[in-house]
Amino acid sequence: DESILTTLTRESAKRLIEFRLNNQKEIADLQQKDPKRGALWPFTWEGIEQIVPPEGLPARDLIRRARHRFDELKQEITIKPPPPPEEAISQHWNELFEKQLQQPEVRLDEGVYEDGLLRLLQTKPPRGWRVHRGTERDIHVLLEGQKEKTGKSVSNSENMTSLARHLGRLQAMISSSQVNRLIFLRDARLPIKPTATVTQRRLQDLVQKGMQVLRPPAEAYASLNVLRELWNKAAENDLSIGDSSMSMGQLKSWLVKKTPRPLQELIDACQGITISPLDELIDKLIETLKGQWMVLLKDAAQKMALRETDLAQLVIEKPEVAGLLSGPPMVLFLNPEAVNRT
């Protein structure tokens, strides 16, 4: 069974706080002595609006914030402003990551890799590629471009016979051209025994046919465990860090901007795609124009470390990305559809 915690709107939050206050005899007595205080005293409607963001708040988080606010109104404590969301998530991530590494044995579950890799690559996909769960038995994540399919296959089986069968199915998959490239992942702490001759032979054959073998370290595994824990809580509207509730959008934004090193290294290794210099220039141009939409050609060229003539030629060749207004001065403008490329 799956459940998602419904967030409270500001109106429903007001009703919840009012209900809780009415059930406190001491508060109800004080409200009756001075009707001007109102049913929300010692809170105000404006104060509740400050507690509840426009997108809503889980009830548990609201009660916790209201409790702190009540103590603050009684001048018992002074509330420090919460850290920015990205900083709060980074701190929380580091704490969970260290706890994972301190465990003597991290659970070697293939599902952690499959699930974590899928979410990780979907959050930061290479431009022009789609990432989705594989439909074939041993392809757990599929990276699909216009003319190429790169499959990710995970096996942490400690049984060499089972591993040999897994590799045999990958051999058949390459022979039938179901994928163009294969990337095989196996935890670095799990050896492949030299005496497992069939397994070693099949692995060598796959490598000769172009399969890439990745042996992620314990840090990568710990990071994927933490990612899955935070992701699942955010999906249920139950990710609270300190006194703040974090949304899935905030978690994804943090993951894109502040990707932890073990995860970024895993992304780079798993993509297995070579980005051409032209693609890198296009990405850089989009980043330069995004949020500004119109920029002087000379300013954009200076920021991108290009000659104005070279940048103008790039825009002329790629009208789907940006346009050029003749001057003087010459101005670049971003094609709104290009934002979806990144």
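Engineer: Explanation requested: the packing of aromatic side chains in the structure shown.
Structural biologist: Aromatic rings considered in pairs are described by the distance between their centres and by the relative angle of their planes. Counted according to the given criterion, the structure contains 1 aromatic pair. Aromatic pair tryptophan 93 and tryptophan 254: ring centres 5.2 Å apart, planes at 45 degrees, arrangement tilted. Note that tryptophan 93 is positioned in helix α5 (residues 85-102) and tryptophan 254 in helix α10 (residues 248-257), a separation of 161 residues in sequence. The aromatic ring of tyrosine 221 is capped on one face by arginine 189, whose charged end is 5.5 Å from the ring centroid.

Engineer: Mind showing me how you'd approach the sheet that holds strand β9 (residues 322-325) here?
Structural biologist: What links the strands of a sheet is backbone hydrogen bonding, and the strands pair in either a parallel or an antiparallel sense. What the 3 strands build is an open sheet, ordered β8-β10-β9; its pairing is antiparallel. Of all strands in the sheet, those with a lone pairing partner are β8 (294-296) and β9, marking the two edges. Each strand axis lies, on average, 25 degrees off the axis of its neighbour in the sheet, ignoring direction. For β8 and strand β10 (residues 331-334), the ladder comprises 3 bridges, and the chain directions are antiparallel. When the bridges of β10 are listed, methionine 294 appears paired with phenylalanine 333. Contacts between helix α13 (residues 297-304) and the sheet are confined to β8, β9 and β10, with β8 contributing the most and set at about 85 degrees to the helix. Seen against the sheet, helix α14 (residues 308-317) touches β9 and β10 and runs at an angle of roughly 120 degrees to β9.

Engineer: When you look at the sheet that holds strand β2 (residues 141-144) in this model, what are you seeing that I'm missing?
Structural biologist: With respect to topology, 5 strands assemble into an open sheet ordered β1-β2-β3-β4-β5, the strand pairing being mixed. Since the sheet does not close on itself, it has two edges, and those belong to β1 (130-133) and β5 (212-214), each with one partner. Within this sheet the neighbouring strands show an average axis-to-axis angle of 20 degrees, counted without direction. Direction of pairing for strand β3 (residues 149-154) relative to strand β4 (residues 181-185): parallel, over a ladder of 5 bridges. Along β4, the bridge assignment pairs serine 153 with phenylalanine 184. Sheet strands in contact with helix α11 (residues 261-271) are β2, β3, β4 and β5, and its direction is about 145 degrees off that of β4.

Engineer: Is there a simple way to think about the side chain of serine 223 in this case?
Structural biologist: Within the secondary structure, serine 223 sits in helix α9 (residues 218-235). Taking relative accessible area as the criterion, serine 223 reaches 0% and is therefore assigned buried. Within polar-contact distance, the side chain of serine 223 engages the backbone oxygen of glutamate 219 at 2.9 Å. In contact with serine 223, other than residues within four places in its own chain, are Trp93, Phe97, Pro262 and Leu263.

Engineer: Which parts of the structure should I look at to understand α13?
Structural biologist: Three or four residues apart is the spacing at which side chains of an α-helix point the same way, because the helix has 3.6 residues per turn. Every buried residue of α13 is listed here: Leu297, Ala300, Ala301 and Met304. The buried side chains of α13 occupy one side of the element, clustering within an arc of 100 degrees when seen end-on. Exposed and facing more than 90 degrees away from the buried side of α13 are Gln302 and Lys303. Just downstream of α13 lies alanine 305, where phi reads positive at about 60 degrees.

Cut-off values and rules
- Residues numbered from 1 in each chain as written.
- Predicted model: local features only at pLDDT ≥ 70, side-chain atom pairs only at ≥ 80, totals over all residues.
- Heavy atoms only, no water.
- Phe/Tyr/Trp six-rings, centres within 6.5 Å; stacked < 30°, edge-to-face > 60°.
- Helix = DSSP H or I, 4+ residues; strand = E, 2+ residues; numbered from the N terminus.
- Lys NZ or Arg CZ within 6 Å of the ring centre and 35° of its normal.
- Pairing = 2+ DSSP bridges.
- Axes fitted to C-alpha atoms, helices over the stretch in contact; angles between N-to-C directions.
- Contact = heavy atoms within 4.5 Å.
- Buried < 20%, exposed > 50% of the residue type's maximum accessible area, 1.4 Å probe, protein only.
- Polar contact = N/O pair within 3.5 Å; in protein donor to acceptor, adjacent residues only side chain to side chain.
- Arc of directions from axis to C-beta.

Read these as spatial facts, not as claims about activity.
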